Amino acid sequence: MSLVVDCHAHVVVPGLGAEVAWDERGQVVRFDGREIRSAVREFQDPARILEEQDRAGVDVVVLCPWVNLCGVEVERQNEALAALAGERVRVLGTVDPERPEQLVELMRDGRLGGVEVPASVGGAYLGDARFRDFWAAAEETGAL
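Owing to the predicted nature of the structure, the values given are computational and were not obtained by experimental measurement.

Asker: What should I look at first to understand helix 3 (residues 100–109) in this one?
Answerer: Every α-helix carries 3.6 residues per turn, so stepping three or four residues along brings you back to the same face. Every buried residue of helix 3 is accounted for by Pro100, Gln102, Leu103, Val104, Leu106 and Met107. Residues of helix 3 that are buried in the fold lie against helix 2 (74–82) and helix 4 (132–141). Of the residues trailing helix 3, Gly110 is marked for its positive phi of about 85°.

Take a look at the structure:
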């Protein structure tokens, strides 16, 4: 028996600066003074996310923070994300890659399996030497 896993599904935690709505043209995310319409799948409602996963034949979904909100209100966002975890839902959290102690604390808690990180932080590529401690913490804790 095979298990189908969607390992890249974003979710927007309400109240962090991104407003998600549906209109006659589809889903719209209002963020930083812009309307973003590239998100074609449900971005906020866990029940609707699972309905979409059912239609796609997905058994387990890994929800991760919308990349524009990575590092935003880390503790509050991680609490909200952890509350979404369940039998069919696994969740990644968020930390500031320049604060590896956040990753260690998150992984010690045990509710989340790792974190979503952007491709760069403050203009620095994640392979930059300033992120060595973050990557060391990820390796040490087994974070995805």
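Asker: Just checking my understanding: could you explain the sheet that holds strand 1 (residues 5–11) for this structure?
Answerer: Strand pairing within a sheet occurs via backbone hydrogen bonds; the two strands may be parallel or antiparallel. With parallel pairing, three strands are arranged side by side in an open sheet as 1-5-6. Two strands lie at the open edges of the sheet, namely strand 1 and strand 6 (89–91), each paired on one side alone. Taken pair by pair, the neighbouring strands of this sheet meet at an average axis angle of 30°, ignoring direction. Examined bridge by bridge, strand 1 and strand 5 (residues 60–65) share five bridges and lie parallel to one another.

Asker: Looking at this structure, how should I read the sheet that holds strand 2 (residues 18–23)?
Answerer: Spatial strand order, 2-3-4: three strands in an open sheet with antiparallel pairing. At either end of the open sheet lies a strand with only one pairing partner, and these are strand 2 and strand 4 (34–36). Strand after strand, the sheet turns through a mean of 30° between neighbouring axes, direction not considered. The pairing of strand 3 (residues 26–31) with strand 4 spans three bridges and is antiparallel. Among the inter-strand pairings, Arg30 is bridged to a residue of strand 4, identified as Glu35.

Asker: How should I be thinking about the packing of aromatic side chains in this particular structure?
Answerer: The geometry of two aromatic rings is summed up by the distance between their centres and the angle between their planes. Taken as a whole and judged by the stated rule, the model has three aromatic pairs. Relative to Trp66, the ring of Phe43 has its centre 6.1 Å away and its plane inclined at 65°; by these criteria the two rings are edge-to-face. A residue pair is termed long-range when its members are at least 10 positions apart, and Phe43 in the loop between strand 4 and helix 1 (46–56) and Trp66 in the loop between strand 5 and helix 2 qualify at 23 residues. A single burial state applies to Phe43 and to Trp66, both of which are buried. Judged by centre distance (4.9 Å) and plane angle (75°), the rings of Phe134 and Trp135 are edge-to-face. You can call Trp135 partly exposed: its relative accessible area is 40%.

Asker: Can you walk me through helix 2 in this structure?
Answerer: Turning to helix 2, its buried residues number three or more, namely Val74, Gln77, Asn78, Leu81 and Ala82. One side of helix 2 holds all its buried residues, which, seen down the axis, span an arc of 130°. Here the buried face of helix 2 lies against strand 1, strand 5, strand 6 and helix 3.

What counts as what
Residues numbered from 1 in each chain as written. Predicted model: local features only at pLDDT ≥ 70, side-chain atom pairs only at ≥ 80, totals over all residues. Heavy atoms only, no water. Buried < 20%, exposed > 50% of the residue type's maximum accessible area, 1.4 Å probe, protein only. Helix = DSSP H or I, 4+ residues; strand = E, 2+ residues; numbered from the N terminus. Contact = heavy atoms within 4.5 Å. Pairing = 2+ DSSP bridges. Axes fitted to C-alpha atoms, helices over the stretch in contact; angles between N-to-C directions. Phe/Tyr/Trp six-rings, centres within 6.5 Å; stacked < 30°, edge-to-face > 60°. Arc of directions from axis to C-beta.

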